Amino acid sequence: MSSHPVEVCDLVMRYGDRTAVDGLTLTVHAGTIAAVLGPNGAGKTTTIETCEGYRRPQSGTVRVLGLDPVRQHRELAPRVGVMLQSGGAWSAIRAEEMLRYVASLHADPVPVPLLIDRLGLDSCGRTPYRRLSGGQQQRLRLAMAVVGRPELLFLDEPSAGLDPQSRKAAWDLVEDLARDGVTIVMTTHYMEEAERLADMVHVIDHGRVLVSGTPAELTSTGARNTIRFHARAGLDTTALSDALPPGYVVVEAIAGTYRVDGDVTPHTLATVTSWCAAQGVMPDDLAVEKHTLEDVFLELTGRDIRHE
Ligand code: ATP
């Protein structure tokens, strides 16, 4: 019997000659929220669908609650909640009717009115699924995934397309479930979502895990902070680079936006402002920014996750 709710070892999945998952290994600990983070096409959905038992591993092994998700699907299904990226409901069924139906399949469901209220579905309970807005469908899918009180919950892009208020309701619900001991695996390409919710973040790209760690561990690697400011474009930054201790990098990646990457101390901040004074420029919007998961992704892949 496996000791971890999700264990993926050396998973390889191909579509024709395209390798979607390329030797991916991942362990999720009980009672934690794991975020699988990566750009479009990184292999997140394929990995999670394999864990859900919808795809058979072509190579490698997948164990979920100690079981084989394909061969032991019937045994696993009542214990696992699944929120797919789309679909999952009949097009003509009314929202509340769909949720009541899913609830009826479980031994001890969460009361339907409670979920309807928490996820703000009251106003659309009588609306057919196909007429719901994208955000309403998304919230209904989340309600359907959690109504059976699963031990393990898979969420594929849970807050994609949600407005800020609905996103907060979804995040609060996920946090409450985690507090109750539910293990949660979610895919996302929203850094903010991963930083807010996840105990462990697994950054994946090209079907492989590039790095795993807590948000704090990941953001404390490499350059810790950045000083950013706006000034006249094309300033000669040589004197600033020379004045800073070794290891600091000064870049003007976008004309007129300057960035100093490195461990920001009161001394380095003073060096930057002294240099500005010497140049006779007033730095606009000068800010010290923490290293974010977005920066980590950029450093690991050389690409910006938001523009994939
Ligand atoms: P997204 O964030 O866009 O959902 P993802 O990280 O979930 O992306 P996958 O959906 O797993 O990535 O896709 C991984 C790769 O496999 C992509 O290159 C995708 O085009 C390809 N792919 C996914 N499903 C299929 C399929 N059914 N047939 C062919 N190729 C597929």
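Scroll up for the structure.
Here is a short report on the structure shown in this document. (Residues numbered from 1 in each chain as written. Predicted model: local features only at pLDDT ≥ 70, side-chain atom pairs only at ≥ 80, totals over all residues. Heavy atoms only, no water.)

Considering empty space enclosed by the protein
On inspection of all chains with the given rule, the structure shows one cavity of 30 Å³ or more. The calculated volume of the largest cavity comes to roughly 40 Å³. Around the largest cavity, the lining residues are L26, V36, K44, T47, I48, C51, F154 and V185. Among the elements that take part in the lining of the largest cavity, helix α1 (residues 44–51) stands out by supplying four residues, more than any other. Across the lining of the largest cavity, the residue classes break down as six nonpolar, one polar and one charged. (1 Å grid on protein atoms, 1.4 Å probe; cavity = no way out; pocket = protein on both sides within 12 Å on 5 of 7 lines; lining within 4 Å. Points joined across faces, edges and corners; volume = space filled by probe spheres on them. Helix = DSSP H or I, 4+ residues; strand = E, 2+ residues; numbered from the N terminus. Nonpolar A, V, L, I, M, F, W, Y, C, P; charged D, E, K, R; others polar.)

A word on the side chain of E193
Tracing the backbone shows E193 in helix α7 (residues 191–197). No salt bridge is formed by the buried E193. Its closest oppositely charged neighbour is R167, at 5.6 Å. Those residues in contact with E193, other than ones at most four positions away along the chain, are P158, S159, W171, M186, T187, T188 and A198. (Buried < 20%, exposed > 50% of the residue type's maximum accessible area, 1.4 Å probe, protein only. Lys, Arg positive; Asp, Glu negative; His and termini not counted. Salt bridge = Lys/Arg side-chain N within 4 Å of Asp/Glu carboxyl O. Contact = heavy atoms within 4.5 Å.)

Some thoughts on the layout of surface pockets
Size it by volume and the largest pocket reaches roughly 600 Å³. Lining the largest pocket are 26 residues, with Y54, V80, V82, V102 and M144 positioned closest to its centre. Broken down by element, the lining of the largest pocket gets its largest block of residues, four residues, from strand β5 (residues 80–83). Of the residues contributing to the lining of the largest pocket, the split by class is 18 nonpolar, six polar and two charged.

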